[in-house]
Amino acid sequence: MSRNLCLAIVLMTLAACGSGTNTPPSRLDDACSIVNERPAYLRAMKRAEKKWGTPVAVQMATLYQESKFMSDARTPYRYSLGVIPMGRQSSAFGYAQALDGTWDDYRDDTRNYAGRRNKIDDATDFMGWYMDETFRRHGIPKTDARRHYLAYHEGHTGYGRGSYNQKQWLMRVANEVGSRAVMYDFQLKSCGKI
């Protein structure tokens, strides 16, 4: 086989593997490490913050909880009788775990018809859009990662009804998101990223 043909095969194989964004950053508890390893994440989050007013640390904490920064994250399968696959728990997909219907609403509202849930720029723009809507509907300050996460998880209608109050596990998770946002904010300020 010629050298050029071998090189072409190797390059096509590497291109098919993607850029490695399907794997999360190596140190998820260190915001500075995350953005140093994936500078595109910080650029995307800063653009969303500028456009929608959602702080970088709030976005990061939500991304951590929803997908652990995995671009192709999906909900687990449901099984009948413990062995028969019955489909996924929901249509949530991508960095932001956006549901099909909510993603369609976002694309229609923003006219971002080419947007993809597995692209960090689109995922952070989606989160900014959603949290901006949450602010307008429920008055939650954009710095309040805990309550924004509750509204993000339950949807605007569910949040308005207080459906989260019957879900102690969700209240615990929302508290963790709030704490993580504070930690990420402190870290990013300490390393001069925000």
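Residues numbered from 1 in each chain as written. Predicted model: local features only at pLDDT ≥ 70, side-chain atom pairs only at ≥ 80, totals over all residues. Heavy atoms only, no water.

(A) Structural detail: the overall build of the protein. On a plain count of helices and strands, the protein comes out with eight helices and two strands. What you see in the protein, going N to C, is helices and strands ordered as α-α-α-α-β-β-α-α-α-α. Residues counted as buried form 43% of the 194 residues belonging to the protein. Of the contacts formed within the protein by residues at least 6 apart in sequence, a portion of 51% connects residues at least 24 apart. Carbon and sulfur atoms provide 53% of the accessible area of the protein, an area that totals close to 10700 Å². (Helix = DSSP H or I, 4+ residues; strand = E, 2+ residues; numbered from the N terminus. Buried < 20%, exposed > 50% of the residue type's maximum accessible area, 1.4 Å probe, protein only. Contact = heavy atoms within 4.5 Å. Areas by Shrake-Rupley, 256 points an atom, 1.4 Å probe, with all protein chains shown as cover.)

(B) Expanded view of the layout of surface pockets. Estimates place the volume of the largest pocket at around 340 Å³. Every residue lining the largest pocket is counted, 17 residues in all, and those nearest its centre are E66, Q97, L99, Y152 and H153. Looking at the lining of the largest pocket, the elements with two or more residues in it are α4 (56–67), α6 (120–138), α7 (145–161) and α8 (168–190). Ranked by residue count, the leading element in the lining of the largest pocket is α7, at five residues. Of the residues belonging to the lining of the largest pocket, the class tally is nine nonpolar, six polar and two charged. (1 Å grid on protein atoms, 1.4 Å probe; cavity = no way out; pocket = protein on both sides within 12 Å on 5 of 7 lines; lining within 4 Å. Points joined across faces, edges and corners; volume = space filled by probe spheres on them. Nonpolar A, V, L, I, M, F, W, Y, C, P; charged D, E, K, R; others polar.)

(C) The arrangement of the confidence of the model for the protein in detail. Confidence along the protein averages 89 in pLDDT terms, with 82% of residues attaining 70 or more. Low pLDDT, under 50, characterises residues 10–20; the stretch is placed with one contact to residues that sit more than four places away or in other chains. (pLDDT = per-residue confidence, 0-100.)

(D) Structural view of the packing of helix α5 (residues 100–110) against α6. Packing of α5 against α6 brings their axes to within 11 Å, and their N-to-C directions diverge by 85°. Viewed along their axes, α5 and α6 adopt a mutual orientation that is roughly perpendicular. Here T102, W103, D105, Y106, D109 and T110 of α5 lie close against α6, whose contacting residues are D122, D125, F126, W129 and Y130. Class assignment for the residues of the contact of α5 with α6 results in five nonpolar, two polar and four charged. (Axes fitted to C-alpha atoms, helices over the stretch in contact; angles between N-to-C directions. Parallel < 35°, antiparallel > 145°, perpendicular 65-115°, else oblique.)

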